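Now for the letters of each chain:
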Amino acid sequence: KQKSLPLPPGPKGWPVLGNLADMPSDRQWETYNRWSKQLNSDIIHLNAAGTHLVIVSSMEAIKEIFEKRSALYSRRPRMPMINELMGWDFVVGFMNYGDRWRANCKLMHEIFNSGAAKQFYPQQHTKRNELLRRIAQDAGDILHHFRYSTGALVLSILYGIEVLPRDDPYLNIAEKAMHGLAIGSLPGKFLVDTFPLLEYVPSWMPGAGFKRQARVWKQHTQDILHVPFAETKRAMARGTAPPSFVSLHLNALAELDSNASALQDQESLIQEPLPWAGSFSPSNPEAQKRAQMEIDAVVGQERLPDFSDEPSLMYVSALVKEVLRWKIVVPIAIPHYLDVDDEYRRYRIPAGSIYQGPFFTMKFDTFPDPESFKPEQFLLSGKLNPAILDPESFAFGLGQRICPGRHLAMATLWLTITSILATLEIKKAVDKDGEVIEPSYEYFPGLISQGTIHLWCLAS
Ligand code: HEM
């Protein structure tokens, strides 16, 4: 019966190639959004030279597919460039649905669920203090400080590694690996993702530059997989390893007398919401002022904010939600894959379809003025308004593939934003001639969004 149903509507394509030539390689969400509007449909179908690509773009469709039909839609496509050629297949986010993925998720859930994630508050406070100190000493490269701080926190929590103040070898490895991943995971960037047989083309052949590039990137992937892990094992052997995700689990495995090498799989995506957290202030200086007044009233001038202040800082909580909504960190998400035929709204969704780009759409579908920064839209009479969709309910995905690091991420985001507002004044930067540099708020292309910002932070 399903076979006789039509495919969802889609833009007109070319013979053989279908829509391949029209596929956006940058800011995909804008093109997908435009196509959805033109076709007046919240589900559209694209044909990338025979590969079915389905884009859903309404709250209703996303909830139905990613949440209610989660068991069906939680697989990942092959992604030959990053998984097979660049060696990222050890990452939970890219693993296919199955026992290995399930076992990895269980481990992550045990340590990062909403209660357990609180054990990392001390590391979050320490890294927060370091971040403020770094910015106060040199506000010139705020993006660098954010990245440093995020990376330092992840290395500390996962491996118990404390990074050097400058040129840390582990962070350098992570930067290189994440750079390769950002480019290698761009949808449509590498033909091998559409035609997996290209994987077997010899590297020396003309047109096989992607294989030579993948080989260089693969070395960085191997480094991030093995080098910090080996350091934790060395520290454990010396008896100096502090508790960390890896050391705790290796100890638990040793107790169970299991095979410790299974833990080589424990890696995660390092996501970076913080750069966007720094850029809202020039976009809405009033929001910065209002949040600072609230923090001053609740926290005072004698100490830094901590998590116990959260229930009293409603405007700041709304502001953190707005940061998450305003610049979606993972705008096109990691693709999902359907391996059996399905039907949605009398449309046929064929087995082999790749689902992409769901989370950015919430921003457009649900919020009336999506590009403005307006924390107050989450408040009603000074409290969070339960009638407004909470960005936490979509920015981290839905269903079985929901982000397992979301509690850690939200706590870090809250503490960092609150502490920056408590101590610093963020303004637009000026160039050497004294001219104001307007922040562009542009996204760099990639799986994880980052932007360009030029800001001044003045210690207050
Ligand atoms: C603000 C920061 C973050 C945002 C917005 C974010 C968002 C997301 C999104 C949208 C997904 C994809 C969900 C899907 O495929 O449907 C994801 C997956 C994932 N995230 Fe996060 N994340 C953040 C921070 C973190 C952190 C700090 C960690 C690790 C501690 C983490 C670990 C993961 C993992 C392992 C997956 C893959 C889950 C799976 O495929 O089963 N994330 N995240």
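Residues numbered from 1 in each chain as written. Predicted model: local features only at pLDDT ≥ 70, side-chain atom pairs only at ≥ 80, totals over all residues.

Along the backbone of the protein there are 15 helices and twelve strands. When the 460 residues of the protein are sorted by exposure, 42% land in the buried category. A sequence separation of at least 24 residues applies to 73% of the contacts in the protein between residues at least 6 apart. (Helix = DSSP H or I, 4+ residues; strand = E, 2+ residues; numbered from the N terminus. Buried ≥ 20, exposed ≤ 12 C-beta atoms within 10 Å, placed from the backbone. Contact = placed C-beta atoms within 7 Å.)

As a further point, take the nonpolar core. Leu319, Phe359 and Ile417 are the most contacted members of the largest nonpolar core, which totals 60 residues. Not counting the four nearest positions on each side in its chain, Leu319 is found in contact with Ala287, Ala291, Pro375 and Ile417. If you look at the next biggest cluster of nonpolar residues, it comprises 43 residues, including Met95, Phe112, Leu158 and Phe190. (Core = buried A, V, L, I, M, F, W, Y, C linked by C-beta atoms within 7 Å.)

Residues annotated in UniProt with the feature "binding site: heme" (unreviewed entry) correspond here to Cys403. Residue placement: Cys403 occurs in the loop between α14 (392-395) and α15 (406-423). Those residues in contact with Cys403, other than ones at most four positions away along the chain, are Phe396 and Gly397. (UniProt positions renumbered as here; feature names shortened; annotations may be inferred.)

Another aspect to go through is the site of the ligand. Taken together, 24 residues lie around the ligand, and Gly93, Gly397, Cys403, Gly405 and Ala409 are the ones closest in. Classifying every residue of the shell around the ligand by side-chain character gives 18 nonpolar, five polar and one charged. (Near = placed C-beta within 6 Å. Nonpolar A, V, L, I, M, F, W, Y, C, P; charged D, E, K, R; others polar.)

Before going further, it helps to examine the sheet that holds strand β2 (residues 51-56). The strand order across the open sheet built from four strands is β1-β2-β6-β3, with neighbouring strands paired in mixed fashion. The two strands at the open ends of the sheet, each matched to only one other strand, are β1 (43-48) and β3 (336-338). Within this sheet the neighbouring strands show an average axis-to-axis angle of 30°, counted without direction. Bridging between β3 and strand β6 (residues 353-356) involves three bridges; their strand directions are antiparallel. Residue His336 lies in a different strand from β6, and its bridge partner there is Tyr355. (Pairing = 2+ DSSP bridges. Axes fitted to C-alpha atoms, helices over the stretch in contact; angles between N-to-C directions.)

This part covers the confidence of the model for the protein. Mean pLDDT over the protein works out to 86, with 89% of the residues at or above the 70 mark. Note on residues 258-273: pLDDT is under 50 here. Beyond four places in sequence and across chains, it has 42 contacts. Scored as a complex, the prediction yields pTM 0.88 and ipTM 0.97. (pLDDT = per-residue confidence, 0-100.)

What follows is about the packing of helix α7 (residues 169-184) against helix α8 (residues 209-238). Direction vectors running N to C along α7 and α8 enclose 135°, while the axes themselves pass 8 Å from each other. In terms of their interaxial angle, α7 and α8 are classed as oblique. Between α7 and α8 lies a crossing whose hand is left-handed. Listed contacts from α8 to Tyr170, Ile173, Ala174, Lys176, Ala177, Gly180 and Gly184 of α7 are Trp217, His220, Thr221, Asp223, Ile224, Val227 and Pro228. Its residues assigned to classes, the contact of α7 with α8 shows eight nonpolar, four polar and two charged. (Parallel < 35°, antiparallel > 145°, perpendicular 65-115°, else oblique. Left-handed = near helix turned anticlockwise from the far one by under 90°.)

Our focus in this paragraph is helix α11 (residues 285-299). Side chains of residues three or four places apart in an α-helix project in the same direction, reflecting 3.6 residues per turn. Given a rise of 1.5 Å per residue, 15 residues ought to cover 21 Å, and the 21 Å separating the end C-alpha atoms of α11 matches this to within 8%. Trailing α11 by a residue or two, Gly300 shows a phi angle of about 80°, which is positive. (Expected span 1.5 Å × (residues − 1).)

Let us now look at unusual backbone geometry. Phi is positive for Arg345, close to 50°, though the residue is something other than glycine. Its place among the elements puts Arg345 in the loop between β4 (342-344) and β5 (347-349). For Arg345, a count of 13 C-beta atoms within 10 Å gives the class partly exposed. In this structure, Arg346 is a non-glycine residue whose phi angle is positive, near 65°. Tracing the sequence through the fold places Arg346 in the loop between β4 and β5. Residue Arg346 is classed as exposed on the basis of its C-beta count, with 8 C-beta atoms lying within 10 Å.

Attention shifts here to the packing of α8 against helix α9 (residues 245-255). Relative to each other, α8 and α9 sit at 60°, their axes nearing to 10 Å. As summarised for this structure, α8 and α9 are arranged oblique, according to the angle between their axes. Helix-helix and strand crossings are classified by hand; for α8 and α9 the assignment is right-handed. The residues of α9 that touch α8, namely those facing Phe229, Thr232 and Met236, are Val246, Ser247 and Leu250. For the contact of α8 with α9, a count of residues per class yields four nonpolar, two polar and no charged.

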